[in-house]
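# Close look at the chain arrangement
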Amino acid sequence: MTPSSAAPARTITVAVVQAAAPLFDTPAAVAKAEELVREAAARGAEVIVLPEAFIGGYPKGLDFGITVGSRTPAGRDLFRRYHAAAVEIPGPEVEALAAVTRELAVHAVIGAVERQGATLYCVALFLGPDGYLGLHRKLMPTAAERYLWGQGDGSTLPVVDTGTARLGSAICWENYMPLLRTAMYAKGVDLWCAPTVDDRDAWQATMRHIALEGRCFVLGANQYLRRDALPADLHPVQGDAPDTVLINGGSVIVSPFGEVLAGPLRDGEGILTAELDLDDLARARFDLDATGHYARPDVFTLQVDESARAHVTSV
């Protein structure tokens, strides 16, 4: 009996969804997310990733009336609309999505905009056969995102064990934070879920690099967003033609050896799937384990504060 025939292969089928929902229409966004999760599950996917800010929306090309030192009344009212479109967690929208993953017995990582009081956070929701499992708040919003979203803290860096593989998430340019990557590698991430809106060709190198560095499968899910998904009264800097592409996808699935298994998908919505051989994780980590045998703890150490950082506490 050869080693390859001694044990059956350990596999899991995954899907990354490339799509966007209408901005400022939260019920439509939730309904579309439910539909897409069902479609991916019908294709055999056991783990499904939706893009950054799918629920709540990514307002690409809008400036919210901001210039250095001033805000306009119109910009404030636009933020009011964006704030109203975000979701509270826990809340009915998350419960509706959790009901779907319970029904289908699948795991999903879904990008959303969370509303907590007056502050919004860009988050990745973790859902599974047991319903809502937790969230990751984006630690560092990028550039102009910082006037829309607050910063997460170390208390929301979950790794979810599905029983078959361990899921973790970093959102968009968080993937460029080397210490965050190191902290997540140390948690034993097998499936690195990367909801994003970065459609540059250079992003593909990032996804392949993380797969190689972390010796993990990378599931990159990007939005495909056109001007006609925004309300007619808004005017993105890219132009007002309805078919103007604001975010052009690039969703991709990558192996722990940096090989592209599916994608990148461009120029439209769609779902990519791949059957992953989980034994490739051990094969890849044979010669590189960034926080194991390839680490030098005698030279380098990293301390991660995973406590919740409340602004106001009672003593």
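The structure under discussion appears in the preceding block.
What comes next concerns the included structure. (Residues numbered from 1 in each chain as written. Predicted model: local features only at pLDDT ≥ 70, side-chain atom pairs only at ≥ 80, totals over all residues. Heavy atoms only, no water.)

## Some remarks on the sheet that holds strand β15 (residues 260-265)
Two orientations exist for strands paired in a sheet by backbone hydrogen bonds: parallel and antiparallel. Pairing within the open sheet is mixed, and its six strands lie in the order β8-β9-β10-β11-β14-β15. Strands at the two margins of the open sheet, each flanked by one partner only, are β8 (160-161) and β15. Pairing geometry for strand β14 (residues 251-254) and β15, over three bridges, is antiparallel. Bridge assignment links Val-254 to a residue of β15, and that residue is Val-260. (Pairing = 2+ DSSP bridges. Helix = DSSP H or I, 4+ residues; strand = E, 2+ residues; numbered from the N terminus.)

## Comments concerning the packing of aromatic side chains
Per the counting criterion, the structure on display carries seven aromatic pairs. Between Tyr-58 and Trp-149, the ring centres sit 5.9 Å apart and the planes meet at 65°, which makes this aromatic pair edge-to-face. Placement of Tyr-58 in the loop between β2 (47-49) and β3 (66-67) and of Trp-149 in the loop between β7 (131-137) and β8 is noted, with a sequence separation of 91 residues between them. Each member of the pair, Tyr-58 as well as Trp-149, is classed as buried. With 5.7 Å between their ring centres and 85° between their planes, Tyr-176 and Trp-203 make a pair best called edge-to-face. (Phe/Tyr/Trp six-rings, centres within 6.5 Å; stacked < 30°, edge-to-face > 60°. Buried < 20%, exposed > 50% of the residue type's maximum accessible area, 1.4 Å probe, protein only.)

## Notes on a nonpolar patch on the surface
A cluster of nonpolar residues, Leu-179, Leu-302 and Val-304, forms a patch on the protein surface that exposes about 250 Å² of accessible area. You can see Leu-302 is positioned in the segment after α7 (279-285). When its relative accessible area of 36% is taken as the criterion, Leu-302 is described as partly exposed. (Patch = residues over 30% accessible without salt bridge, like charges linked within 9 Å, V, L, I, M, F, W, Y side chains within 5 Å. Areas by Shrake-Rupley, 256 points an atom, 1.4 Å probe, with all protein chains shown as cover. Salt bridge = Lys/Arg side-chain N within 4 Å of Asp/Glu carboxyl O.)

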